[in-house]
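# Examination of the molecular architecture
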Amino acid sequence: MISVVKLLRNIYERLTADGSTAEQAIQSGIWVAGINVADRILQLLKVVILARLLSPAAFGLLGIALLAIAALRQFSKLGFDEALIQHEDDDVDAYLNTAWVMKIIRGFGIAVVAFLAAPYLAVFFGEPQAEPIIRVVGISPLILSLQNPAIMYFQKNLNFHKEFVYQVGGRLVDLTVAVVIALFLRSVWALVAGIVAMNFVKFVISYGIHEYRPNLEFNLAYGKEMFGFGKWLLVSAILVFLYGQGDDAFVGWFFTASSLGVYQLSYRFSNAPATEITHVISRVAFPALSKVQNNTAKLREGFHRAVQLSTTVAFPMAAGIAAVAPQFVPVVLGDQWQSAIPVMQVLAVWSGIRAFGANVGSVYKSTGRPDIETRIQALKVIIIVIIIYPAAEWFGLTGVASAIVMSSFIPLPIHLYYVLSITQGQAIELLKLIAYPFASSVVMAGSVVALDAYVLTGTNILNLIFLIISGIIVYFVLMVIFEHIFGSGLMQLYAIVKQEI
């Protein structure tokens, strides 16, 4: 154990030295991109392999357990890490012991509640096999609560190069353990073992990549200060769960575990590329914008750059996934997942909307206004509650996916109003950044669908590759045309990215 810690520390002593804030933001963007690309590739690789070895019901059973634990985590979110990241002081070591103690208490509480509530949750979802799975997965929050509380410095100081091994190392263990066990057991326990092993490895790594060592010490004043910021994130986390995973809970209750497995797998693949792009940008944008929260001009410029970059990349990804889904599902996942095609197509629209929403959230948090996002999340939950049941009754899983899209689309004007007020920007400037990639993505998706319907025959890997390449070419050509005729800002964005990289 000690030798592993020393090895990790020696590795990181040789990594990039800290520079200016701008340089750190640029380097951080590259590292976060690496984290998310590697993490997502490992996740999807695991899903593709296990989708061939396990049934949709196995994925659904794990989904039930993860839903239960996610609910407990979100309903007890402290928001301390976000509070310390947003804190104007660079050194927040004095707060870490208090945060660590509170996290341990929370992790232990989640594990106990999960153990006691498991039988009732299994009955609620109509899946008795979920009971032991919920209890085992419930150990994970306790393991993570014991990790080094100083890992929040990776985001605060834009030192994402250290988080690379923390995140990707854990995910690699998840993939390895899950696949190896699945080859022998062919059961849901392969998925469970992978998750528990991943969180234990992340716990070990956290002490190898940061020198801080916590103590059991609690300061009431520090706790109150952190919770003053975190209380809005607690409410927001509850609403985010109801909005972001309430549909999963509804599917597991209204339909079956197999349907939940199909729904969650559809979400993973439909949202993966676009979500990871926005996740990279928002993770860097939050701490970076926090440093210029009192400079409106720089705040607005940073927000515009984030929106332009995320929509230029995420919109075509979302549209492309919707277009190639009929080829992708049978070729990559197998014929047993055919029912995922229409669900994946609808959820791809949601991923495009999220490309804009993620950047708005960074503005709210970086300027100390998480309450705005909380209120909008509440509206989204209300919309879902009203329409999800009839949508499921009339249109099945596709109806549930459509309800999620509508709940995200309707509040967009409210987001626009608030973010323009905070950044003192103009709506026309922001909409122009979005219009060109949106139009190009729609036309690209239409052309890919037409090729698949009228030119290609059957489903195979060559057809899938042809459609993907064709979509990329069409999108790129359209964006170049828009740049040449209207000055869409593509070359400006390219110059900025080239200069910063």
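These remarks concern the structure in this document. All values reported here derive from a predicted model rather than from experimental measurement.

Scanning the chain from N- to C-terminus turns up 20 helices and zero strands. Long-range pairs, those at least 24 residues apart, make up 84% of the contacts in the chain between residues at least 6 apart in sequence. Surface summary for the chain: the accessible area is close to 22000 Å², and the carbon and sulfur share equals 67%.

The next subject is helix α19 (residues 461–486). If you check α19, its first and last C-alpha atoms are 37 Å apart, about what 26 residues at 1.5 Å a residue would give, namely 38 Å. Within α19, the full set of buried residues consists of Asn463, Leu464, Leu467, Ser470, Gly471, Tyr475, Leu478, Met479, Phe482 and Glu483. If you check the start of α19, you find a side-chain oxygen 3.1 Å away from the backbone N of Leu462, and it comes from Asn460.

Right, let's talk about the packing of helix α3 (residues 56–74) against helix α6 (residues 130–137) for a bit. Where α3 meets α6, the axes come as close as 9 Å, and the angle between the chain directions of the two elements is 45 degrees. The angle between α3 and α6 falls in the class oblique. Pair α3 / α6 crosses with right-handed handedness. Contacts between α3 and α6 involve Leu61, Leu62, Ile64, Ala65, Leu66, Ala68 and Ile69 on the former and, on the latter, Ala130, Ile133, Ile134 and Val137.

This next bit is on unusual backbone geometry. Unusually for a residue other than glycine, Arg186 sits at a positive phi of about 50 degrees. Relative to the helices and strands, Arg186 is located in the loop between α9 (160–185) and α10 (189–208).

Turning next to the layout of surface pockets. The calculated volume of the second largest pocket comes to roughly 600 Å³. Among the secondary structure elements, those contributing two or more residues to the lining of the second largest pocket are α14 (296–333), α15 (340–366), α17 (412–423) and α18 (427–454). Looking at the lining of the second largest pocket, the element that brings in the most residues is α18, giving six residues. Tallied by class, residues from the lining of the second largest pocket come to 17 nonpolar, two polar and no charged.

Rules and cut-offs
Residues numbered from 1 in each chain as written. Predicted model: local features only at pLDDT ≥ 70, side-chain atom pairs only at ≥ 80, totals over all residues. Heavy atoms only, no water. Helix = DSSP H or I, 4+ residues; strand = E, 2+ residues; numbered from the N terminus. Contact = heavy atoms within 4.5 Å. Areas by Shrake-Rupley, 256 points an atom, 1.4 Å probe, with all protein chains shown as cover. Expected span 1.5 Å × (residues − 1). Buried < 20%, exposed > 50% of the residue type's maximum accessible area, 1.4 Å probe, protein only. Polar contact = N/O pair within 3.5 Å; in protein donor to acceptor, adjacent residues only side chain to side chain. Axes fitted to C-alpha atoms, helices over the stretch in contact; angles between N-to-C directions. Parallel < 35°, antiparallel > 145°, perpendicular 65-115°, else oblique. Left-handed = near helix turned anticlockwise from the far one by under 90°. 1 Å grid on protein atoms, 1.4 Å probe; cavity = no way out; pocket = protein on both sides within 12 Å on 5 of 7 lines; lining within 4 Å. Points joined across faces, edges and corners; volume = space filled by probe spheres on them. Nonpolar A, V, L, I, M, F, W, Y, C, P; charged D, E, K, R; others polar.

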